[in-house]
Amino acid sequence: MNTRKLRIYLADLIHDRHIYNYSVPLNVGYITALLNKRMGKAVETKIFKFPDNLISTMKSLPPDILALSNYDWNVNLNLALTKIGREINPDLFVVMGGPNIRKKPEGIRDYLIHHQCDMHVVNEGEDAFSNIVEYIMGLWPCNIRRLINSSGIKFSNAAYLEKDTQNLMLGKKPDSAHEKNIPFPSPWLAGLLDPFINNVSFPLQPLIETNRNCPYQCHFCVWGDFELNKIRIFDFDTVIEELRYIFKKSEHQFNLTIADANFGILKRDTEIAEEVRRLSDQYKKADRIFIAQAKNSIKRNLEISKILGKRCIPEFAVQTLTPGILEYSGRKNPSNDAIQEYVAGVKNNGHEVMTDILLGLPGETKKQYIDSMKKVIDFGFQRASVADIRLLDGSVMAEEDYRKKFGLESRFRVIPSAYGEYGGIKVIEYEKCVRKTNAMSTEDLLELRLFNANFFLLYYIELGRPMLDFAYKNNLHPIDIIAEVSKKIDENKYPLLSKYIERFTKTANDEWYDSVEEADNYFLQPNNFSKIMKDGFPKLNYEYAAKLLINSDLRNEFLGLIGQAIKEKLPNQDFIVNELVKFCFQRVFSINERSNPINSKKDDMELSFEIANHLTNYIDDYDYINTSSKVDKTVRKGEVRDSFAPISTFNNKIENTDSSIKDLNKNSKIKIKFDVDDKKTEWLNYQIERNGGANNIMLAIQVVLQKNQKAFLRSWKPQ
Ligand code: SF4
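Residues numbered from 1 in each chain as written. Predicted model: local features only at pLDDT ≥ 70, side-chain atom pairs only at ≥ 80, totals over all residues.

Topic: the overall build of the protein
Scanning the protein from terminus to terminus reveals 27 helices and 21 strands. For a compact globule of 719 residues, the expected C-alpha radius of gyration is about 27 Å, and the protein comes in at 26 Å, within 12% of that figure. In terms of principal-axis extent, the alpha carbons of the protein reach across some 95 × 50 × 50 Å. When burial is assessed residue by residue, the protein has 48% of its 719 residues classed as buried. A fraction of 78% describes how many contacts in the protein between residues 6 or more apart in sequence connect residues 24 or more apart. (Helix = DSSP H or I, 4+ residues; strand = E, 2+ residues; numbered from the N terminus. Rg over C-alpha atoms; globule rule 2.2 N^0.38 Å. Buried ≥ 20, exposed ≤ 12 C-beta atoms within 10 Å, placed from the backbone. Contact = placed C-beta atoms within 7 Å.)

Shown next, in the form of structure tokens:
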């Protein structure tokens, strides 16, 4: 009998109506690679990332099975695509996979009752999905939906509801889940990700995994298989080959993410880092390397940060520095002394490390949160990425008993850029975040929103860093300054800024909804939907940053406000602080809202000796990559770049710098010139263009900033 091949489409869909920071579909790539290996040519497989491609292909060649990776940024998109797929082929068998499902059996059952999918793969999907397909192939051609739900079989790592009884059928883990070595073939080396890595219209970043699972099992997280807290590893040689493949294949600059939960947890990770470093130097294509460091391998972390050098500011996620708080979330940080020692070690190597902080952790008060932020600076982290806590289905924190114990209340808001209209269906995604705990009120959380925004602007994207570092050198804590400027400001002195902050605060207050239905009722109205499609739904901090970058009058007021707050606390320093305000203002590019939005102005500025000496810390500090041969040679020996370093390290600054500043005396005036590196300007124009700047410059700025926090800082040097 001439039987048509079983046609399987696998998708890790994204909302692509605005360019955003997304990666190649590595997850479904792994599943497809194993499926192809096990089934060979007996099945037809195809991978998708963009919804319109999937819709048009489903129309011309309808699939028999649609396998969708499901997370909270695409859950409603998956529902829409399922609907469209079933209109084309009512017998379409839909399988979801991913951690976006509660872990307990009643939660899984509830999910299957309320969602359109026929089956959900829980935990690792490769073997689970291949086993299902293998079973179907044994009986193909057939009606798969009917076949599965009346099969009476419990498929490994998969859940469905039995046809007549609606009983939950949930299989055990496959044997491979218990093996230390992960036996799945590489989707990179099979060429499955080639169509995505050089995608022109929507840049996607390369991603690799070298190991799976995480021993910590934090209650807010859904990483890996929590029943198996052992680390499992991919073959070392394959990982190295994958890295070589990515660097060789990429036609564009990229940011490489190593997706492991704890890079550095294994001894071999230093060798992997060496290869990343070697390839980065050889090809000069990686703008940045993103890694999340192991939480306990302090010595190895230091080694890795040294190897990767300036292209990587590793993330050592502490979530809080308030002792005793993280334990409520199921994890324990190393002692604060050990953390401090680690950060100091990284800095002694001439490198940097950043951290992650969560707002609204169970048990943490507003005061403790602010004190913890002070420690972020005191300990010497280069910066902290601060986030609200998402209550993820599948996390312990989302379970009723846990929520009750810590008084967690949550609300919903739109996920920025996760919306669009596909095949005539309007879709919006929402995130559910903690909005109240026993220790922090809703008002506290709202108040901290502006504080966090100011921290983000001044430190995360470094718009005011030289000023606040100067304050810190003079025993004025930057967090006190940030708290101060986050209070109500004088609208006569700062008319543009006070208006902007009013809008910011109103948006921050109004963006929360009690339920998805309530939010949909508002956003799906034609006018509201058209508005977010046109203007975007703001990721507030990034939008604020983009406004400051694009509107020089607003930026002037903002930096003036910071300067004023410092001057009030440091009498007799007015002249110096004014110079710093001016420098911070000029250090960012002016942006035109036309083609080639960035120009090299090559303007100059005069500085006093004291400020020029302070600012030597920021020469060459405008970018992560500096590919000049001089820097390449010295990068491992110890780059001079301090941030929150204690005052004593500033003392020998003049001796340490190779700039001409050291030859001058204290009464000298020093002239500096901006835009000394034309390549930086070219690079930025290219990044803006590649990220959709011609259509929407505000959104493009935000995406570029997400990828490179110092993208908009200009190069400069003393003349
Ligand atoms: S350490 Fe990180 S990856 Fe591991 S469970 Fe905690 S948050 Fe998740």
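Some words on the nonpolar core
Residues Ala67 and Val95 are the most contacted members of the largest nonpolar core, which totals 207 residues. With residues up to four places along the chain from it excluded, the contact list for Ala67 reads Ile8, Leu10, Val28, Ile31, Val95, Gly97 and Phe129. (Core = buried A, V, L, I, M, F, W, Y, C linked by C-beta atoms within 7 Å.)

What to know about the environment of Leu279
Along the chain, Leu279 falls in helix 9 (residues 269-283). Look at Leu279 and you get partly exposed, because 19 C-beta atoms sit within 10 Å. C-alpha of Leu279 to C-alpha of Arg244: the two residues are 35 residues apart in sequence and 7.1 Å apart in space.

Some details on the site of the ligand
Residues in contact with the ligand, as listed here, are Cys214, Tyr216, Gln217, Cys218, Cys221, Trp223, Ala261, Lys295 and Arg331. Each residue belonging to the shell around the ligand can be placed in one class, and the counts come to six nonpolar, one polar and two charged. (Near = placed C-beta within 6 Å. Nonpolar A, V, L, I, M, F, W, Y, C, P; charged D, E, K, R; others polar.)

Some details on the pairing of strand 15 (residues 355-359)
Most of strand 15 is tucked away, with four of its five residues classed as buried. As paired strands, strand 15 and strand 16 (residues 384-388) are joined by five bridges and run parallel to one another. Directly across from Ile357, in strand 16, lies its bridge partner Val386. Considered for its hand, the β-α-β crossover made up of strand 15, helix 12 (residues 366-379) and strand 16 is right-handed. (Pairing = 2+ DSSP bridges. Right-handed = clockwise from strand over helix to strand, strands pointing away.)

Details of the domain arrangement of the protein
For the protein, the assigned domains read domain 1 (6-176), domain 2 (206-390), domain 3 (442-586) and domain 4 (596-719). Computed from C-alpha coordinates alone, the two centres of domain 1 and domain 3 are separated by 43 Å. (Domains from an automatic or database assignment.)

Description of the confidence of the model for the protein
Confidence in the prediction for the protein averages 90 pLDDT; 93% of positions are at 70 or higher. Under a pLDDT of 50 for its full length, residues 624-658 has, in the predicted model, 46 contacts with residues more than four places off or in other chains. (pLDDT = per-residue confidence, 0-100.)

Points about the sheet that holds strand 13 (residues 254-258)
Here we have three strands laid out as an open sheet, ordered 10-13-14, and parallel in their pairing. Only two strands of the sheet have a single neighbouring strand rather than two, namely strand 10 (207-208) and strand 14 (286-290).

Topic: the sheet that holds strand 6 (residues 119-121)
Strand pairing in a sheet is mediated by backbone hydrogen bonds. Such pairs are either parallel or antiparallel. A sheet is described by the order of its strands in space; here seven strands give the open sequence 3-1-4-5-6-7-8, paired in mixed fashion. The open sheet has two free edges, formed respectively by strand 3 (43-48) and strand 8 (168-170), since each of these has just one partner strand. Taking each pair of neighbouring strands and ignoring which way they run, the sheet shows an average axis angle of 20°. Sheet strands in contact with helix 1 (residues 26-39) are strand 1 (6-11), strand 3 and strand 4 (65-69), and its direction is about 170° off that of strand 3. (Axes fitted to C-alpha atoms, helices over the stretch in contact; angles between N-to-C directions.)

Details of helix 16 (residues 478-485)
Of all eight residues in helix 16, six are buried, a share of seventy percent or more. Restricting attention to buried positions, one finds in helix 16 the residues Pro478, Ile479, Ile481, Ile482, Ala483 and Val485. The inward-facing, buried residues of helix 16 abut helix 12, helix 14 (442-460), helix 15 (465-473) and helix 21 (552-569).

Focus on the environment of Ile688
Tracing the backbone through its elements, the reader meets Ile688 in helix 26 (residues 678-690). With 10 residues separating them along the chain, Ile688 and Met698 place their C-alpha atoms 9.8 Å apart. Residues within four places of Ile688 in sequence aside, it is in contact with Pro597, Gly693, Ala700 and Val704.

Examining helix 27 (residues 697-707)
Burial analysis of helix 27 places eight of its 11 residues in the buried class, which makes it a mostly covered element. Listed in full, the buried residues belonging to helix 27 are Ile697, Leu699, Ala700, Ile701, Gln702, Val703, Val704 and Leu705. For helix 27, the elements touching its buried residues are helix 20 (540-550) and helix 26.

Considerations on unusual backbone geometry
In this chain, Trp140 is followed by Pro141 through a cis amide linkage whose omega measures 5°. Relative to the elements of secondary structure, Pro141 occurs in the loop between helix 5 (126-139) and helix 6 (144-149). In the Ramachandran plot, Asn123 falls in the positive-phi region, its phi being about 60° despite a non-glycine side chain. Looking at where Asn123 falls in the secondary structure, it is placed in the loop between strand 6 and helix 5. Classification of Asn123 by C-beta neighbours within 10 Å gives buried; the count is 21. Within the chain, Gln319 stands out as a residue other than glycine whose phi angle is a positive 70°. Positionally, Gln319 belongs in the loop between helix 10 (298-308) and helix 11 (336-348). The exposure class assigned to Gln319 is buried, which follows from the 23 C-beta atoms found within 10 Å.

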